[in-house]
Amino acid sequence: MTEQMQAATIRAAAQSDGSWLSALADWVVSLMEIIGPPGAAVAVGLDNLFPPIPSEVVLPMAGLAASRGSFTLFEAIAWTTFGSVFGAYILYFLGRWLGAERLARIADRLPLVSGEDVEKSVAWFERHGSVAVFFGRMVPLFRSLISIPAGVAKMHWWKFGLLTTAGSLIWNSIFVLAGFLLGENWHIVEQYAEIFQMIVIVVVVVAIIWFVVVRVRAVIRDRRERDADASGASDDSGSS
């Protein structure tokens, strides 16, 4: 089968419906057509910088291309992992540039959060950062965002690289192999990945709601205590 026929077959598999995910898959195929496996690295790197681009779609397409002989399975895994690490390092150095002090100053200006929250988060990351970075690479949404607190906490760049590479290699291998083995049925991967992603989103939303409720209650309680103290001081001055 010629390269043109292989690309046409992969493109047909990507265009199974008119959804934006299929359009994204078609774009990934076009990249791989033009520049080969580095195209998958570019797409995965963008997934790190823009979390709405799901790696769960990009990676199986690289596996599908490998199954059609466009490049080897090893190349697919190696290049997608390189893209993951490269994109993660961009966010890591963004976190280093921001720094804890700058983030704390920003947090002090925002409602419901404070610089103390940033300090606590950095302290937590210094204790558990290695686990967070490794497993965070295998959790939708967090796989991109986890790089920023690693930079803020000033995790050693080589340690961050090793953990990110290990976590990304596991995650990428699973989805690239799924695309390689399933072929045109790669959409099966997408269905299960969407369920996992929805579970993560629900957990995040619940956590945010809980955080807001707790903080609002704390603000109301502090305001009532200040009003009570002010009222008590007023009564004392009046009686004297």
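Here, every reference points to the structure presented above.
Residues numbered from 1 in each chain as written. Predicted model: local features only at pLDDT ≥ 70, side-chain atom pairs only at ≥ 80, totals over all residues. Heavy atoms only, no water.

## Brief notes about the pattern of salt bridges
Close approach of charged atoms allows side chains of opposite charge to pair. Put simply, the rule is: When a carboxyl oxygen of Asp or Glu lies within 4 Å of a side-chain nitrogen of Lys or Arg, that pair is called a salt bridge. By the criteria applied, helices consist of DSSP H or I runs no shorter than four residues and strands consist of E runs no shorter than two, each listed in order from the N terminus. Burial classes: relative accessible area under 20% of the type maximum marks a residue as buried, over 50% as exposed, and values in between as partly exposed (1.4 Å probe, protein chains only).
Going through the model one piece at a time under the given rule, you end up with two salt bridges. Asp 47 is the partner of Arg 143 in a salt bridge, and the nearest nitrogen-oxygen pair spans 2.7 Å. One end of the pair, Arg 143, is in helix 7 (residues 142-145); the other, Asp 47, is in helix 3 (residues 38-49), and 96 residues separate them in sequence. In this structure, Arg 143 and Asp 47 share a single accessibility class: buried. In this structure, the salt-bridge partner of Glu 116 is Lys 120, at a minimum N-O distance of 3.6 Å. In this pair, Glu 116 and Lys 120 are both assigned in helix 6 (residues 115-136), four residues apart and thus about one turn of the helix distant.

## As for helix 4 (residues 55-67)
For the α-helix, the turn length of 3.6 residues means that residues three or four positions removed from each other point alike. Quick note on the threshold: How far a helix is expected to stretch is found by multiplying one less than its residue total by 1.5 Å.
Compared with an ideal rise of 1.5 Å per residue, which puts 13 residues at 18 Å, helix 4 spans 18 Å between its outermost C-alpha atoms and is within 8% of the ideal. The element helix 4 is extensively covered by neighbouring structure, given that twelve of its 13 residues are classed as buried. Taken together, the buried positions of helix 4 are occupied by Ser 55, Glu 56, Val 57, Val 58, Leu 59, Pro 60, Met 61, Ala 62, Gly 63, Leu 64, Ala 65 and Ala 66. Positive backbone phi, approximately 85 degrees, marks Gly 69, located one or two places after helix 4.

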